[in-house]
Amino acid sequence: VNVTLLLPAIQLRYILVLQCTSHFARNLSACHCLRSPKKRSPYVSVDSERYSSLVKTVMSSRVSSRTPETIQAEDENIFGPVVKTQTPSSRQDTRVPKTLHPFLHHEETVDPEELEGPGRSFVPSVTRILQQTLSPEQIFYLERWKKRMIAELGEDGFKEYTQNLFRQGNVFHSAVEDILTSGATQQEYPPDVQGYMESISHVLEDVRAVRAIESTVQHDTLNYLGIVDCVAYYRGVLCVIDWKTSEKPKPFLSNTYDNPIQVAAYAGALNNDGNYKYQVENGLIVVAYKDGTPAHAHQLSSELMLEYWNTWLLRLEDFTEQR
DNA sequence: GGATCCTTCTTCTTCTTC
């Protein structure tokens, strides 16, 4: 863009916007600099409502000419060839599930005993299915990340790092479970989760009438099961809630990868599980941060849930096909 | 009581100048 040709006022705008875009991608404190020169904690004071569309376009569109192919070529020079060669192809947007299963439960209930025939077939879980049906692109970036981490931390260091992440996630989950079941607003937590709990405190204020916690749900007709984090009312709407810990900020739903599909899968199972007598059409993904930064809460409307439900059906199809 | 399963996370780029 030839900025010099623009009028001074517009010119200033452009510079500001360009600065915002380049900084936003990695640090959300960007637009904060427009209002105050002082540095406070990152992305607390961002007017996210105002800039959300800007940030969204910046973060969702691929600007770079680098593709998985070119990156892989570069990496091969640095790390050597990848053992399992991928040919990344974008997942088809227009695909439709072969059989459209209802998201909501329809009247006639299927007796669970009836389904558990003598074969007692294997029932895969939501996470297993999602993990085994990742797109080639997802696999590529995950492998690249892992390779880089191992290069930096070593095999053992990496193992320790991931174990620590899992441990924190687990401790956080049980802390949330405790506070939601006891109802008490205790202030003291293990030091590991103190920040996370602080992070979600503003979300917890809007959570009422918990219906289920860490409950196993199984779809009566589709062959899968899972464990739902939480079913409760969030701002007056009954939701399947998924609590997440994250090192990086995830201000947009698109930053949460397959999490929305996971939530839709749980809701669909719940709605078609004879053990549960209610229907849940909405979802909520809460991303908590260790430093206590306010968590991002992503609401999933019933329309959105239906979209992700269809995506889930596709993944389920892929999974059964590959077996 | 032991074994197995589920879940817990991890990806999405750039290198220009104040």
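Note that the structure is predicted; figures quoted are calculated from it, not measured. (Residues numbered from 1 in each chain as written. Chains lettered and ligands numbered in written order. Predicted model: local features only at pLDDT ≥ 70, side-chain atom pairs only at ≥ 80, totals over all residues. Heavy atoms only, no water.)

**What to know about helix α7 (residues 136–182)**
Inclusion rule: Secondary structure elements follow DSSP: runs of H or I no shorter than four residues count as helices, runs of E no shorter than two count as strands, and numbering proceeds from the N terminus. Any helix carries an expected span of 1.5 Å times its number of residues minus one. In this scheme, the bend at a residue equals the angle between the axes fitted to the seven residues that finish there and the seven that begin there.
With 47 residues, α7 ought to run about 69 Å at 1.5 Å a step, yet its terminal C-alpha atoms sit only 43 Å apart, falling short of that. A bend of about 110° at G154 is the largest found in α7. Within two residues after α7, G183 carries a phi angle of roughly 80°, on the positive side.

**Quick word on the nonpolar core**
Taken as a class, soluble globular proteins show a tendency for nonpolar side chains to be buried jointly. Put simply, the rule reads: In these notes, a set of buried Ala, Val, Leu, Ile, Met, Phe, Trp, Tyr and Cys residues joined through side-chain atoms within 4.5 Å is what counts as a nonpolar core. For the exposure calls, accessible area comes from a 1.4 Å probe over protein chains only, and a residue counts as buried if that area is under 20% of its type's maximum, exposed if over 50%, partly exposed in between. Working rule for contacts: check all heavy atoms of both residues, and any pair within 4.5 Å makes them a contact.
Counting residues in each nonpolar core, the largest one holds 34 residues, and the members touching the most others are Y224, V231, V240, L270, Y278 and W312. Mapped onto this core, the elements with two or more residues apiece are α6 (126–132), β1 (207–218), β2 (225–234), β3 (237–246), α9 (259–271), β4 (282–289) and α10 (302–322). Looking at this core element by element, the count peaks at eight residues for α9. Every residue in contact with Y278, bar those within four places of it in the chain, is listed here: R211, A212, V231, L238, L270 and N271. Counting 24 residues, the second-largest nonpolar core is a separate cluster that includes L180, L204, A232 and L284.

**Brief notes about the packing of aromatic side chains**
To be explicit about the condition: Any two of the Phe, Tyr and Trp rings considered here, Trp counted by its six-membered ring, make a pair once their centres fall within 6.5 Å; the pair's planes then place it as stacked at under 30 degrees, edge-to-face at over 60, or tilted in between.
This model, assessed by the stated rule, comprises seven aromatic pairs. Ring centres 5.5 Å apart and planes at 50° place the aromatic pair F172 and Y196 in the tilted group. A residue pair is termed long-range when its members are at least 10 positions apart, and F172 in helix α7 and Y196 in helix α8 (residues 191–204) qualify at 24 residues. Judged on exposure class, the residue F172 and its partner Y196 are both buried. For the pair Y276 and Y278, a centre-to-centre distance of 6.2 Å together with 80° between the ring planes defines the contact as edge-to-face. Summarising the burial analysis for this pair, Y276 and Y278 share the class buried. Ring pairing ties together the aromatic residues W145, F158 and Y161, which thus form one cluster.

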